[in-house]
Amino acid sequence: MTGLALNCTINKKSLFDRKHYFYADLPAGYQITQQRVPIAVNGSLSYSLCKDNKMSQMVTKTVRIKQIQLEQDSGKSLHDDARSQTLIDLNRAGVGLMEVVMEPDMCCGEEAAAAVRELQLILQTLGSSQAIMAEGQLRVDANISVHHPGEPYGVRTEVKNINSIRFLAKAVDYEIHRQIKELENGGTVLNETRAFDSKLGCTVPMRDKEGKQDYRFMPEPNLPPLILYDAKSLPANVNHQQVVNIDWIHERLPDLPSVKRAKLVELYGILPEHSFTLMNEDGLMDFFEDVVKQTQMKPKKVIGWILNDLLSHLKQHSLTAKESPISSFFLADLLNLLENGDISSSAAKQVFEELWKGEGKTPLEIVKEKQLELIQDQEELEQICQAVIDEREKEVMAIKGGNQKVINKLIGLVRKATRGRANPLLVKQILEKKLSE
Amino acid sequence: CQRCLALIRSTQFLNAYITVAEDSALKQAEESEKRYRRGQPLGELDGIPIAVKDNFNTAGIETTCASNMLKGYISPYNATVVQKLLDRGAVLLGKTNLDEFAMGSGSTDGVFGPVRNPWSYSRQYKEKFVPRSDSEPENSNWVITGGSSGGSAAAVSAFTCFAALGSDTGGSTRNPAAHCGVVGLKPTYGLISRHGLIPLVNSMDVPGILTRCVDDAAVVLGSLAGHDPKDSTTVQDIFQPFALPSLTDVSKLSIGIPKEYHVPGLSSEILAVWSKAADLFKNAGAKVVEVSLPHTHYSIVCYHVLCTAEVASNMARFDGLEYGHRSDMNKSTESMYAATRREGFNDVVRGRILSGNYFLLKQNYEDYFVKAQKVRRLIANDFVKVFGSGIDILLTPTTLSDAVPYMEFIKEDNRTRSTQDDILTQAANMAGLPAVNVPTALSRRGLPIGLQFIGRSFQEKQLLTVAKWFEKQVQFPVIQLEEVKKHDSSVLQHQKSASFS
């Protein structure tokens, strides 16, 4: 599935090999992998970046996928330096893994992070993996080299121990910087493996893996070649469940993130960068769609509340959309009140803050409690407007003199006087009427 | 069961068994008896005492591969073939001796010492034996069993069990079968599961079956063959167990005599027996044709490259961390590994690991490993051509001579011996074909000589049918052992073990 999603050529026949090396977390002394003929090759992954951090300027880039191979996981080693010993956890040794190898088409931490993020979304959409880096479900090793434009690629270092997308960007950028500095000082870059130290934000050489190893690759004698079929090559009398039919799988692929984003834009009339953020933040798209379902407010307006108000609050408190203290139900309620003209938008923001506390009160309850309803009574409004006009002779003079902009100040004062409970449009109307009398 | 156990005890000097599982065996025998009394035996193998070569995993019983590396190792699971036998009620008497990690052709290089050929103590041998000098002590003239499944062959030969499992990678079941005068079957690669058989060469190993007659071998084969999801190299086809027909008419048979098997070291005795056998078939009306397998003389070097390469790979798992021997050296992980492996493996194993790693180095891979694989293909194609031209079965000698005295055998090192002794059996492993040794006659020295039949892939039924006919014709004599006579004279009669008494 992943191979198809990444536009790879699927090798209908792929082979397994043994890669030999001695290490405590490798109980067999070899790892089964696909060195000669992997299961998928020559794909591509498209991802989007914001140019200069402006959401409105999104660029699409592509990174080529060299291959995808199946291999075994090793165990986990935990170094106990205090007692000079290493503890080995073999529970995951031998479990099957998929390794995606990208070509060096990316040029900075941001691009690497965006590419990996997109890969993560694709894997999650397909169900191939939950791809959560913090839990080791997706592990990323970065290979970095620098060169002057026009010259061949430089010596590369491999950086391991990267535990999040953010750290990936940091590690890549640090390493680029380190290599450039090293070369500018007349030094050389070693072809080594380094570890990313997240606390210090830098890469350090790893002690264990030294020197070039000859892995003594040998075909895995216990695993016959892996044969996959497509509709054309499928043998006639074979049990459907015993074979893998590439075409059958292809037909059943779910919508990939890029397709989903386009659909969001079309369906809801939102901007591409909006859909990008919606999909990029875990659970946000579902939240948005839930709200849209439950409110009369147009999606184009809802999106503002989701991306500005909700998202900023979530980020501030490091929460995901699923952990939001405001449910989609409540938010929809609130937006309905706003849409119906029961409250002003500034009042709505106040209610939002109150809802964020998560005390279980409905938007309506909060509005009543804080007396935030818009004043519907025309007479009451007129009275207040009149009061403001009477107070502010100077401003009235200015307006009558032709300076229309000053009316905003009066509107503001009316707003203050009503504690945000006045419909600004209505207020403007009333004031204008009064002033033209 | 009890008789067998008693026999094992009295033939301990043969050193055929590494571990005897007396308690569990008696319990299994008891269970079996109960089933028979109820009239509900599990099949032909119910209650039959068997032995298993010590490179098969047996749950709860020590599995050592005759190596220091695994001394004291108790497997947590049964190999598939062991499980199948137990499921059918067979009684597991114990684990038999072998060359360390099945590397060798004498069963002399295991850490528990060499296995002695029961025929060394037979009346037939003793009668013919002419001591070379008066100063030679009595007990030093015993002969080897051949290997590497020598323990299993000796166990069957000395009547301590009715069938035994061996393994065959380059002839390790057929070679000792020939020297010990028993039937040794190497099945087609992919017919019987290797799950739980500690691997030597994954692409050539097969579990081997050792019995006293061909019918027994067919019975055991019937219970073991078939696809195992735990072994991806077993074929998916459904296997139908068969009973062997008694062939009377061989006129439709076409027997091939490969001329390249007339190797330089072949003893004149064996040559004579081979010729006589060919004549036997001819006189019975079969078509006997000389054929050619031109790449035969490359098979030994090819085998050495491929075998050592896979050995180096398969032995990599023995690092002392998870199971087995672990050295006290603890300065660093590497030094612990090195010390553990030096202490745990004997010279033969270490030698093969080093060679194998050499062949797998990037700079050598093409020249050795890939080349050897290509030669292997040529060897296999030789057989395809011959079988394709109408030959049904090939008839060849199994060994170069009868069993050599131990003192003589150890004069040459393991590698030299293997090179010499595997030459007739090895090609069948390369090609994955089924082959069986049938005891044919006694040599001048009173020791068994066997001949080998090689068949088409997965045509064990045809192979064994012909073997059974041949067995009937030659009427190979029963071994006459003092110990066996003492215990039970009825055992000396050539019984079909299917009839349990």
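Residues numbered from 1 in each chain as written. Chains lettered and ligands numbered in written order. Predicted model: local features only at pLDDT ≥ 70, side-chain atom pairs only at ≥ 80, totals over all residues. Heavy atoms only, no water.

**Some thoughts on the overall build of chain B**
Reasoning step 1: What chain B contains, in helices and strands, is 17 helices and eleven strands.
Reasoning step 2: Compactness check: chain B gives a C-alpha radius of gyration of 22 Å against a globular reference of 23 Å for 501 residues, within 12% of the reference.
Reasoning step 3: In terms of overall dimensions, chain B has C-alpha extents of about 70 × 60 × 55 Å along its principal axes.
Reasoning step 4: The 501 residues of chain B split such that 61% are buried.
Reasoning step 5: Pairs at least 24 residues apart make up 79% of the contacts formed inside chain B by residues separated by at least 6 positions.
Reasoning step 6: Looking at chain B as shown, the accessible area adds up to about 19700 Å², and 52% of this sits on carbon and sulfur atoms. (Helix = DSSP H or I, 4+ residues; strand = E, 2+ residues; numbered from the N terminus. Rg over C-alpha atoms; globule rule 2.2 N^0.38 Å. Buried < 20%, exposed > 50% of the residue type's maximum accessible area, 1.4 Å probe, protein only. Contact = heavy atoms within 4.5 Å. Areas by Shrake-Rupley, 256 points an atom, 1.4 Å probe, with all protein chains shown as cover.)

**Structural notes on the nonpolar core**
Reasoning step 1: Residues Phe101, Leu221, Phe281, Phe383 and Phe453 of chain B are the most contacted members of the largest nonpolar core, which totals 109 residues.
Reasoning step 2: When sequence neighbours within four positions are dropped, the list of residues in contact with Phe281 of chain B reads Val250, Leu253, Ile255, Ala286, Val288, Leu395, Phe453, Val466, Trp469 and Phe470 of chain B.
Reasoning step 3: Within the second largest apolar cluster, 40 residues are counted, among which are Ile10, Tyr47, Ile144 and Ile162 of chain A. (Core = buried A, V, L, I, M, F, W, Y, C linked by side-chain atoms within 4.5 Å.)

**Points about the pairing of strand β7 (residues 76-80) of chain A**
Residues and elements named next belong to chain A.
Reasoning step 1: Across five bridges, the pairing between β7 and strand β8 (residues 85-89) is antiparallel. Across the sheet, the residue bridging to His79 is Thr86, located in β8.
Reasoning step 2: Counting the residues that bridge the hairpin from β7 to β8 gives four residues, and of these Ser84 lies at a positive phi of roughly 50 degrees. (Pairing = 2+ DSSP bridges.)

**Quick word on the sheet that holds strand β1 (residues 9-10) of chain A**
All names here are of chain A.
Reasoning step 1: On the basis of which strands lie adjacent, the open sheet formed by four strands has the order β1-β5-β6-β9 and antiparallel pairing. Sheet topology places β1 and β9 (96-102) at the edges, where each strand pairs with a single neighbour.
Reasoning step 2: Where strand β6 (residues 58-72) meets β9, seven bridges bridge the pair, whose relative direction is antiparallel. Along β9, the bridge assignment pairs Gln69 with Glu99.
Reasoning step 3: Against the sheet, helix α2 (residues 109-126) contacts β5 (40-50), β6 and β9, and its axis sits at roughly 115 degrees relative to β5. (Axes fitted to C-alpha atoms, helices over the stretch in contact; angles between N-to-C directions.)

**Things to note about the pattern of salt bridges**
Reasoning step 1: Per the counting criterion, the structure on display carries 36 salt bridges over all chains.
Reasoning step 2: Notably, a salt bridge pairs Asp249 of chain B with Lys252 of chain B, separated by 3.8 Å at the nearest N-O pair.
Reasoning step 3: Residue Lys252 of chain B is classed as exposed on the basis of its relative accessible area of 71%.
Reasoning step 4: Because the salt bridges share partners, they merge into one network encompassing Glu175, Arg178, Glu192 and Arg194 of chain A. (Salt bridge = Lys/Arg side-chain N within 4 Å of Asp/Glu carboxyl O.)

**Things to note about the packing of helix α11 (residues 347-360) of chain B against helix α12 (residues 362-388) of chain B**
For any two helices packed against each other, one specifies the crossing angle of their axes together with the interaxial distance.
Residue and element names in this part refer to chain B.
Reasoning step 1: For the pair α11 and α12, the least separation of the axes is 5 Å and the interaxial angle reads 95 degrees. What the angle tells us is that α11 and α12 run roughly perpendicular. Two secondary-structure elements touch here, α11 through Tyr358, Phe359 and Leu360 and α12 through Lys362, Asn364, Tyr365, Tyr368 and Phe369.
Reasoning step 2: In the contact of α11 with α12, the residues fall into six nonpolar, one polar and one charged. (Parallel < 35°, antiparallel > 145°, perpendicular 65-115°, else oblique. Nonpolar A, V, L, I, M, F, W, Y, C, P; charged D, E, K, R; others polar.)

**Section: the sheet that holds strand β13 (residues 202-205) of chain A**
In a beta sheet, neighbouring strands are held together by backbone hydrogen bonds and run either parallel or antiparallel to one another.
Residues and elements named next belong to chain A.
Reasoning step 1: Taking strand neighbours across the sheet as the criterion, the four strands line up as β10-β11-β12-β13 in an open arrangement whose pairing is mixed. Sheet topology places β10 (140-144) and β13 at the edges, where each strand pairs with a single neighbour. With strand direction ignored, the average angle separating the axes of adjacent strands in the sheet is 35 degrees.
Reasoning step 2: As paired elements, strand β12 (residues 193-197) and β13 share four bridges and run antiparallel to each other. Bridging from a neighbouring strand, Phe196 pairs with Thr203 of β13.
Reasoning step 3: Packed onto the sheet, helix α3 (residues 165-184) meets β10, β11 (157-162), β12 and β13 and runs at close to 150 degrees relative to β11.

**Quick notes on the environment of Phe329 of chain A**
Residues and elements named next belong to chain A.
Reasoning step 1: Looking at the element boundaries, Phe329 is found in helix α9 (residues 328-339).
Reasoning step 2: Since its relative accessible area comes to 48%, Phe329 is described here as partly exposed.
Reasoning step 3: The spatial distance from the C-alpha of Phe329 to the C-alpha of Thr362 is 9.6 Å, given a sequence separation of 33 residues.

**Overview of the interface of chain A and chain B**
Reasoning step 1: Between chain A and chain B, the residue contacts involve 20 residues of the former and 25 residues of the latter.
Reasoning step 2: Across the interface of chain A and chain B, roughly 1700 Å² is buried in total on both sides, 55% from carbon and sulfur atoms.
Reasoning step 3: Of all residues in chain A, Phe22, Arg216 and Met218 of chain A give up the largest surface area on contact with chain B, accounting jointly for 29% of the area buried on that side.
Reasoning step 4: The interface formed by chain A and chain B holds zero salt bridges in total.
Reasoning step 5: The tally of links from chain A across to chain B stands at eleven residue pairs in polar contact (both at pLDDT 80 or more).
Reasoning step 6: For the side of chain A that touches chain B, the secondary-structure elements that each account for two or more residues are β3 (17-20) and β14 (218-219) of chain A. (Buried area = accessible area lost by both parts, 1.4 Å probe. Polar contact = N/O pair within 3.5 Å; in protein donor to acceptor, adjacent residues only side chain to side chain.)

**Some remarks on the UniProt feature "domain: Amidase" (unreviewed entry) in chain B**
Reasoning step 1: Look at the UniProt record and you will see "domain: Amidase" (unreviewed entry) annotated at residues 9-123 and 139-464 of chain B.
Reasoning step 2: From the first C-alpha to the last, residues 9-123 of chain B spans 20 Å; its make-up is 24% helix and 13% strand. (UniProt positions renumbered as here; feature names shortened; annotations may be inferred.)

**Focus on the confidence of the model for chain B**
Residues and elements named next belong to chain B.
Reasoning step 1: Averaged over every residue, the pLDDT of chain B is 88; the share at 70 or more is 94%.
Reasoning step 2: Counting contacts from residues 489-501, a segment whose pLDDT is below 50, to residues more than four positions away or on other chains yields 21 contacts.
Reasoning step 3: Scoring the predicted complex yields pTM 0.83 and, for the interface, ipTM 0.85. (pLDDT = per-residue confidence, 0-100.)

**Concerning the UniProt feature "active site" (unreviewed entry) in chain B**
Residues and elements named next belong to chain B.
Reasoning step 1: Mapped onto this numbering, the UniProt entry gives "active site" (unreviewed entry) at Lys53, Ser148 and Ser172. Separation in sequence by 120 residues is not matched in space for these annotated residues, since their most distant C-alpha atoms are only 11.1 Å apart.
Reasoning step 2: With respect to the element layout, Lys53 can be found in strand β2 (residues 49-53).
Reasoning step 3: Here Lys53 falls in the buried class, since its relative accessible area comes to 0%.
Reasoning step 4: Residue position: Ser148 is located in the loop between α4 (123-128) and α5 (150-157).
Reasoning step 5: Under the relative-accessibility criterion, Ser148 is labelled buried at 0%.

**Observations concerning the state of the cysteines**
All names here are of chain B.
Reasoning step 1: Under the defined criterion, the tally for this structure stands at zero disulfides over all chains.
Reasoning step 2: Here Cys65 stays free of any disulfide, with the sulfur of Cys307 as its closest cysteine sulfur at 14 Å.
Reasoning step 3: For Cys65, a relative accessible area of 1% corresponds to the buried category. (Disulfide = S-S within 2.5 Å.)

**What to know about the environment of Leu223 of chain A**
Reasoning step 1: Within the fold, Leu223 of chain A resides in the loop between β14 and β15 (226-227).
Reasoning step 2: Of the residues examined, Leu223 of chain A reaches a relative accessible area of 30% and is grouped as partly exposed.
Reasoning step 3: Counting along the chain gives 191 residues from Leu223 of chain A to Ile32 of chain A, while the straight-line C-alpha distance between them is 9.6 Å.
Reasoning step 4: Discounting residues that sit within four places of it in the chain, Leu223 of chain A has contacts with Phe16 and Ile32 of chain A together with Ser232 of chain B.

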